[in-house]
Amino acid sequence: MNWLTNFVRPKIRALVRKEDVPENLWNKCPGCEEMIFHRELAANLYVCTHCGHHLRISAEQRLKMTMDDGEYQCIELPETIVDPLKFRDRKRYTDRLKEAHNLTDMQDALVVAHGKLGGIGVVMAVFDFRFLGGSMGIAVGEGFIAAARLAVLQKAPLLVFPSSGGARMQEGVLSLMQMPRTTIAVDEVKEAGLPYIVVLTDPTTGGVTASFAMLGDIAIGEPGAIIGFAGARVIGDTIREKLPEGFQRAEYLLEHGMIDMVVPRKELRDTLIRILGLLRNPTPAAEIVPLTPSEAPHLAAGNPKNKNAGKKREENPTADE
Amino acid sequence: MPTFLDFEKPIAELEGKIEELRHLDGDGEINIADEVSKLQTKADRLLRQTYAKLTPWQRVQVARHPDRPHFLDYADVLIENFTPLAGDRFFAEDNAIIGGLGRFCGYSAMVIGHEKGKDTETRLHHNFGMARPEGYRKARRLMRLAERFGLPIITLVDTAGAYPGVGAEERGQAEAIARSIEVCLDVRVPLISVIIGEGGSGGAIALAAADRVIMLEHAIYSVISPEGCASILWRNGEEAIGAAEALKLTAPDLLELGIIDKVVAEPVGGAQRNKEATIAAVGEALEKVLREIIGVEGGVLRARRRERFLEMGKKGLG
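**Student:** Requested: an account of the overall build of chain A, with residues and values cited.
**Tutor:** Along the backbone of chain A there are 12 helices and nine strands. Scored against the burial criterion, the 321 residues of chain A give a buried share of 49%. Taking all contacts inside chain A whose residues are at least 6 apart in sequence as the whole, residues at least 24 apart take part in 68%. When the accessible surface of chain A is summed, it comes to about 16100 Å², and 51% of that surface belongs to carbon and sulfur atoms.

Here is the structure:
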């Protein structure tokens, strides 16, 4: 922790926080502009009940809806240098960071947590777009590496949910270096023989796409998510023609062979559990085959020494599970 | 006729005067030779002074100077028997990235780099050094080929960035760059990069995740172009000068940040004023670094390369 999070943030938050005043109870869908009651939206996993638009969600919401029973443990991100370039555009970078801290109550744009998914221990690294557009700087890179190492340590699959505009410009070339750094982290997971699954959520662009996000063993897109390298505006300016319908949407990438599947949020948890099961438990579930007395006379019911033999076997089904 | 940059105007004027005097008749009363040599001294001094304190934005312009030596100029001089190899084996040949076998200082090597072209025709042919996915896939293929034969890899980086186009996106620009970075970090042979002009974003790091990164004095290396940064953060593309300063994209800054290992000095007035000397200086620096790491076992090289990147970003600018 540094002075920003320890001192400045609580002070500012104390000033601006309103005590439990309910915020807007109605949300406007960015897709169809219909109003949706907040409880209804939450119950529908933040998918518009009118048009099916998948709204952007916070890292916390993502973890809660994905992990078993919404339970998980976050790890603290490693401490990193803040504002290495003393960057200032119209605002100071440190001020932008403070605003983002206050808005999200997060250390940076990434949350790393471990928990269970379908009973399988997993590590999840989840981006939060509200924190400076989910951009990747040193803190995110370090967090990503920590997530990969935790996965290796726990022999757990790594699941990553990018939602990011790309590299964090305010950290200059140091943010560019997070591309090779996160790539190394991905390879550490793969070399440990662990699944690395990426769920590309809206938006996944720039340096994030061109590094760890496109290196998944399995790549899943959320419906309608923008996924690409160059921004549509930049491309439009370069080629000076209209972009094709649905350009850079998850469905478009699926059609062009860039991702494995597009999965609606409601089915995502089950899909992940199914994939993890297939990758983690590759052999047939062992059946309990009762031994005949001739094969195992010492287990025979008639043998008074083995009264509880059958029961014990049931409790102890196989070594595989 | 050399191309003068905006900030070189005073130098251009002096050079113009010198040219005029040289064409004057020699039998006048003033001693033309004397006058010319005086002006020349003045012009040289001005050039030296200007280039001794280039601003980041001026460096951006020098790094993009059309007369700077490009990949093929280096390959011509430094690489014996250069044998370009084409194609990504999936879709197409991308001339924005050239790669091939050749001999550097007696060692067989794989030499790969962006080529911007030197006139309208060749610039179009090389797509101004902006590669599509096929370029990165070719680079990946060639790096693996080099690894198979235990050859060191040399990459020369000079690109404004990966090409932003519909086709490039459809064919997986991001994936191609990501895999190229992955292969750079994985090969068990020496990999040395030189940023010779523009090190533009993902298109640059795709070839520059190397054991050692050398950079020319006035080259730039950045996560985004100053113009792009200005239009996003300042919401005004005119602020590119300020963005160039804020981004810390110059060789001295990157050396201090530990992103690069060595800065190669350029001739007075920039690489564009003396291609031969620039190419020779790059060759010398490359040779020195290659001899340092050529004997190191592949697995050790790979482990150290990874460590080098994992260590980055621990310190900022003082």
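**Student:** Quick one: what's the story with the nonpolar core, residue by residue and with numbers?
**Tutor:** The nonpolar side chains of a soluble globular protein tend to be buried with one another. Counting residues in hydrophobic clusters, the biggest one holds 169 residues, and the most contacted among them are Tyr196 and Phe212 of chain A together with Tyr221 and Ile259 of chain B. Phe212 of chain A has contacts with Phe127, Met136, Phe144, Val160, Pro162, Thr182, Val186, Tyr196 and Val198 of chain A, leaving out every residue within four places of it along the chain.

**Student:** I'd like to hear about the interface of chain A and chain B, residue by residue, with values.
**Tutor:** Across the boundary between the two partners, chain A contributes 50 residues, which contact 47 residues of chain B. When chain A packs against chain B, the two sides together hide about 4100 Å² of surface, and 70% of this comes from carbon and sulfur. Ranking the residues of chain A by area buried against chain B places Met169, Ile184 and Phe229 of chain A at the top, with a combined share of 16%. The interface formed by chain A and chain B contains five salt bridges. When the shortest N-O distance is used, the salt bridge between Lys190 of chain A and Glu182 of chain B registers 3.9 Å.

**Student:** Account for the side chain of Glu222 of chain A, with residues named and values stated.
**Tutor:** Residues and elements named next belong to chain A. When you line up the elements, Glu222 lands in the loop between β8 (218-221) and α9 (232-239). Glu222 gets classed as buried once you look at its relative accessible area, which sits at 2%. A distance of 3.1 Å separates the side chain of Glu222 from the side chain of Arg62, its partner in a polar contact.

**Student:** Could you give an account of a positive patch on the surface, with specific residues and numbers?
**Tutor:** Taken together, the side chains of Lys17, Lys42, Arg45 and Arg48 of chain B make up a positively charged region of the molecular surface. Since its relative accessible area comes to 47%, Arg48 of chain B is described here as partly exposed.

**Student:** Give me the lowdown on the pairing of β8 of chain A, citing residues and values where you can.
**Tutor:** Residue and element names in this part refer to chain A. Here β8 shows two buried faces, one formed by Ile218 and Ile220 and the other by Ala219 and Gly221. Two strands pair when backbone bridges link them, and β8 and strand β9 (residues 261-262) are joined in this way by two bridges, in the parallel orientation. Counted as the bridge partner of Gly221 is Val262 from β9.

**Student:** Tell me about the sheet that holds strand β5 (residues 120-127) of chain A, and please be specific about residues and values.
**Tutor:** Whether parallel or antiparallel, the strands of a sheet pair through hydrogen bonds between backbone atoms. Residue and element names in this part refer to chain A. One open sheet holds the seven strands; their spatial order is β3-β4-β5-β6-β7-β8-β9, and the pairing between them is mixed. Two strands bound the open sheet, and with one partner strand each, they are β3 (72-75) and β9. Two elements, strand β6 (residues 158-161) and strand β7 (residues 196-200), share three bridges in a ladder whose sense is parallel. Residue pairing across strands places Leu159 opposite Ile197, the latter belonging to β7. Across the sheet, helix α3 (residues 59-66) lies against β3, β4 (110-117), β5 and β6, angled at about 160° from β5, the strand it touches most. Against the sheet, helix α11 (residues 265-280) engages β4, β5, β6, β7, β8 and β9, with an angle of about 160° to β7.

**Student:** Would you mind going over the confidence of the model for chain A in detail, with residue names and values included?
**Tutor:** This prediction gives chain A a mean pLDDT of 89; 85% of its residues lie at or above 70. Under a pLDDT of 50 for its full length, residues 309-321 of chain A has, in the predicted model, six contacts with residues more than four places off or in other chains.

Conventions used here
- Residues numbered from 1 in each chain as written.
- Chains lettered and ligands numbered in written order.
- Predicted model: local features only at pLDDT ≥ 70, side-chain atom pairs only at ≥ 80, totals over all residues.
- Heavy atoms only, no water.
- Helix = DSSP H or I, 4+ residues; strand = E, 2+ residues; numbered from the N terminus.
- Buried < 20%, exposed > 50% of the residue type's maximum accessible area, 1.4 Å probe, protein only.
- Contact = heavy atoms within 4.5 Å.
- Areas by Shrake-Rupley, 256 points an atom, 1.4 Å probe, with all protein chains shown as cover.
- Core = buried A, V, L, I, M, F, W, Y, C linked by side-chain atoms within 4.5 Å.
- Buried area = accessible area lost by both parts, 1.4 Å probe.
- Salt bridge = Lys/Arg side-chain N within 4 Å of Asp/Glu carboxyl O.
- Polar contact = N/O pair within 3.5 Å; in protein donor to acceptor, adjacent residues only side chain to side chain.
- Patch = residues over 30% accessible without salt bridge, like charges linked within 9 Å, V, L, I, M, F, W, Y side chains within 5 Å.
- Lys, Arg positive; Asp, Glu negative; His and termini not counted.
- Charge placed at Lys NZ, Arg CZ, Asp CG, Glu CD.
- Pairing = 2+ DSSP bridges.
- Axes fitted to C-alpha atoms, helices over the stretch in contact; angles between N-to-C directions.
- pLDDT = per-residue confidence, 0-100.

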